[in-house]
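Listed below, chain by chain, are the residues.
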Amino acid sequence: MAENKHVHRLSAKELRAIAKENSKTIKHYEKLKKRKYIPESEYVTEMKDEKNVLEVENLHTYFFTDVGVVKAVNNVSFNIPQGATVGIVGESGCGKSVTSLSIMGLVQGPTGQVVDGEIRFKTEVLKTDENGKYIPVYELDENGEKIVESVRVDKKTGAEIVQYKQKRDETGAFVFEKEPKVYNLVKAPKSEMSKIRGREVAMIFQEPMTSLNPVFTIGQQLDEVYLLHNPGVTKEGAKARTYEMLKLVGIIPENVYTRYPHELSGGMRQRVVIAMALTCNPRLIIGDEPTTALDVTIQAQILELLRDIKTKINGSIVLITHDLGVIAEMADYVVVMYAGKVIETGTVMEIFKNPLHPYTIGLQKSKPVINQSKERLYSIPGNVPNPIEMPTHCYFKDRCDRACDKCSGEYPGYVQVSPTHKVACYLYNEEAKHEHE
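So, here's what we can say about the structure. (Residues numbered from 1 in each chain as written. Predicted model: local features only at pLDDT ≥ 70, side-chain atom pairs only at ≥ 80, totals over all residues. Heavy atoms only, no water.)

**Description of the overall build of the protein**
- A tally of regular secondary structure across the protein gives 13 helices and 14 strands.
- On the principal axes, the C-alpha backbone points of the protein span a range of 90 × 55 × 55 Å.
- Only carbon and sulfur atoms are counted for the fraction: they give 51% of the accessible area of the protein, which is about 24200 Å².
- For the protein, the separation between the mean place of its 57 positive charges and that of its 58 negative charges on side chains is 5 Å. (Helix = DSSP H or I, 4+ residues; strand = E, 2+ residues; numbered from the N terminus. Areas by Shrake-Rupley, 256 points an atom, 1.4 Å probe, with all protein chains shown as cover. Lys, Arg positive; Asp, Glu negative; His and termini not counted. Charge placed at Lys NZ, Arg CZ, Asp CG, Glu CD.)

**Brief notes about a nonpolar patch on the surface**
- Residues Val148, Val151 and Val162 make up a contiguous nonpolar surface patch of about 220 Å² in total accessible area.
- Tracing the backbone through its elements, the reader meets Val151 in strand S5 (residues 148-153). (Patch = residues over 30% accessible without salt bridge, like charges linked within 9 Å, V, L, I, M, F, W, Y side chains within 5 Å. Salt bridge = Lys/Arg side-chain N within 4 Å of Asp/Glu carboxyl O.)

**Concerning unusual backbone geometry**
- Following Gly109, the chain continues to Pro110 via a peptide bond in cis, the omega torsion being 0°.
- Not every positive phi belongs to a glycine, and Asn281 is a case in point at roughly 50°.
- Note that Asn281 resides in the loop between helix H8 (266-278) and strand S9 (284-288).
- Exposure remark for Asn281: the relative accessible area of 27% places this residue in the partly exposed category.
- Even without being glycine, Glu289 reaches a positive phi, approximately 50°.
- Its place among the elements puts Glu289 in the loop between S9 and helix H9 (296-313). (Buried < 20%, exposed > 50% of the residue type's maximum accessible area, 1.4 Å probe, protein only.)

**A look at the layout of surface pockets**
- What the largest pocket holds in volume is close to 730 Å³.
- Contributing to the lining of the largest pocket are 27 residues, with Lys33, Leu185, Val186, Lys187 and Ala188 lying nearest its centre.
- Within the residue set of the lining of the largest pocket, elements represented by two or more residues are helix H1 (12-33), helix H2 (96-104), strand S4 (112-126) and helix H3 (190-196).
- Among the elements that make up the lining of the largest pocket, the one with the highest residue count is S4 (five residues).
- Class assignment of the residues belonging to the lining of the largest pocket gives a composition of 13 nonpolar, five polar and nine charged. (1 Å grid on protein atoms, 1.4 Å probe; cavity = no way out; pocket = protein on both sides within 12 Å on 5 of 7 lines; lining within 4 Å. Points joined across faces, edges and corners; volume = space filled by probe spheres on them. Nonpolar A, V, L, I, M, F, W, Y, C, P; charged D, E, K, R; others polar.)

**Quick word on helix H5 (residues 218-229)**
- In this model H5 runs 18 Å from its N-terminal to its C-terminal C-alpha over 12 residues, within 8% of the 16 Å that 1.5 Å per residue would give.
- Every buried residue of H5 is listed here: Ile218, Gly219, Gln221, Leu222, Asp223, Val225, Tyr226 and His229. (Expected span 1.5 Å × (residues − 1).)

**Focus on the packing of H5 against helix H6 (residues 235-248)**
- Their axes nearest at 9 Å, the elements H5 and H6 cross at an angle of 120°. The angle between the axes of H5 and H6 places the two elements in the oblique class. For H5 against H6, the interelement crossing comes out right-handed. Contacts between H5 and H6 involve Leu222, Asp223, Tyr226 and Leu227 on the former and, on the latter, Lys235, Ala238, Lys239, Arg241, Thr242 and Leu246. (Axes fitted to C-alpha atoms, helices over the stretch in contact; angles between N-to-C directions. Parallel < 35°, antiparallel > 145°, perpendicular 65-115°, else oblique. Left-handed = near helix turned anticlockwise from the far one by under 90°. Contact = heavy atoms within 4.5 Å.)

**Focus on H6**
- Relative to the 20 Å expected for 14 residues at 1.5 Å per residue, H6 spans 20 Å between its end C-alpha atoms, a close match to the ideal helical length.
- Inspection of H6 places Gly237, Ala238, Arg241, Thr242, Met245 and Leu246 among the buried residues, and these make up the whole buried set.
- Against the buried residues of H6 lie H5, helix H7 (253-256) and H8.
- Residue Gly250 follows H6 closely and has a positive phi angle near 80°.

**Looking at the pairing of S5**
- Burial analysis of S5 places just zero of its six residues in the buried class, which makes it a mostly uncovered element.
- As paired elements, S5 and strand S6 (residues 160-164) share five bridges and run antiparallel to each other. Within S6, the residue paired with Val151 across the bridge is Val162. (Pairing = 2+ DSSP bridges.)

**Side note on the sheet that holds S4**
- Strand order in the open sheet made by the four strands is S2-S1-S4-S7, with antiparallel pairing throughout. The open sheet has two edge strands with one neighbour each: strand S2 (68-81) and strand S7 (178-184). On average, each strand axis in the sheet is tilted by 15° relative to the strand beside it, whichever way the strands run.
- Relative to the sheet, H1 contacts strand S1 (52-65), S2 and S4, its axis offset from that of S4 by approximately 15°.
- Together, S1, S2 and S4 form the strand contacts of H2, whose direction differs from that of S1 by roughly 110°.

**Some words on the packing of aromatic side chains**
- If you walk through the whole model with that rule in mind, you get eight aromatic pairs.
- Aromatic side chains Tyr338 and Phe396 sit 5.3 Å apart centroid to centroid with 85° between the ring planes, which places their arrangement in the edge-to-face category. One end of the pair, Tyr338, is in strand S11 (residues 333-338); the other, Phe396, is in the loop between helix H12 (358-365) and strand S13 (415-418), and 58 residues separate them in sequence. Both residues of the pair, Tyr338 and Phe396, belong to the buried class. (Phe/Tyr/Trp six-rings, centres within 6.5 Å; stacked < 30°, edge-to-face > 60°.)

Rendered as structure tokens:
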């Protein structure tokens with residue numbers, strides 16, 4: 001049996017030291033989260049590029065475990081342009097899902113914490129008056145005057161109280177004034193995140209059975225989303241919206257509205273989760289393997305639905321998947337992640353026609369190709385480094401068939417190959433210099 005020379009067992013003293021340091025760090029971040037008053041100046045910011053709806057910059061999300069710190073997302077940066085679809089690809093454990101959970105503010109605490117970085121999100125929030133109440137939008141007559149809905153007399157003062165008719169949207173929800181704002185979601189308080197999450201940013205989770213509540217019916221869960229984020233909407237209006245969304249994802253509403261999640265198949269549950277995410281017409285949709293449980297026919301329908309919704313509301317999509325075919329069909333831009341870092345980004349044409357990082361090339365080679373007979377699909381040799389003891393050099397060095405001496409040094413910086421294409425690899429540093437000379 002081959003001897004493993006790299007195994008290091010932690011002593012009781014080392015485990016106590018790790019637990020002590022973890023406890024101190026976790027308390028610090030939990031204390032920041034639990035503050036009763038967080039000034040708006042801490043989390044309201046500005047976009048670096050107004051064409052983007054989301055900007056992730058230097059994001060670090062760590063998990064403080066009993067045996068050390070897992071740097072699940074380590075200095076990740078990318079942008080989501082308005083109206084674009086960005087695909088995030090990489091093998092299991094590379095940090096794709098943790099990145100999406102960081103955006104949503106759903107990282108499992110207290111062990112999981114976003115320790116550094118910014119997530120800037122451009123949104124429209126309901127405007128409030130000096131008393132913190134939403135400012136309504138009223139219906140106007142042909143002269144531009146507010147339409148009076150009712151007049152009543154105050155019993156104490158005898159004064160007339162005029163009630164103006166407030167606008168409603170097509171589902172019966174009251175319309176309120178909105179104002180544009182840019183939030184740093186890393187520092188935004190829970191009260192603000194609860195207004196954004198589900199309404200402005202929605203997520204299609206990977207496993208529907210764990211994201212649907214088993215004790216409530218499908219109708220109750222979908223109605224709740226719309227009732228929560230649309231003040232003044234009636235139960236009938238919410239039910240009508242639920243029926244509309246279920247029809248959009250290819251479900252007969254009457255068949256599932258009163259049923260519980262365990263009574264549906266995996267594919268049906270996945271479509272319910274997609275309907276729930278799309279209910280409020282979010283500006284940003286995050287799909288974490290949204291078509292995993294679906295057959296090919298339904299998968300094509302769902303992808304077409306996401307594309308139609310994106311066009312209709314001028315929204316953006318973050319698509320997390322292992323399926324390079326889905327990325328090629330859906331994405332405008334691609335982000336390739338490995339071991340918690342972004343190693344290459346570019347347009348979908350640049351990544352598929354001219355992949356540069358050896359890992360990206362390996363991913364491309366591992367997919368089956370029509371009209372080519374192969375005994376065995378290509379697989380990248382070796383394993384991902386231990387996430388607790390990550391090396392200081394390039395994380396892919398030990399698996400790379402093109403590694404050079406420089407790869408054993410510091411982790412490579414990004415080389416800008418084109419205005420939209422960059423790669424973190426030493427192979428292109430010298431080439432880039434020669435091209436600019």
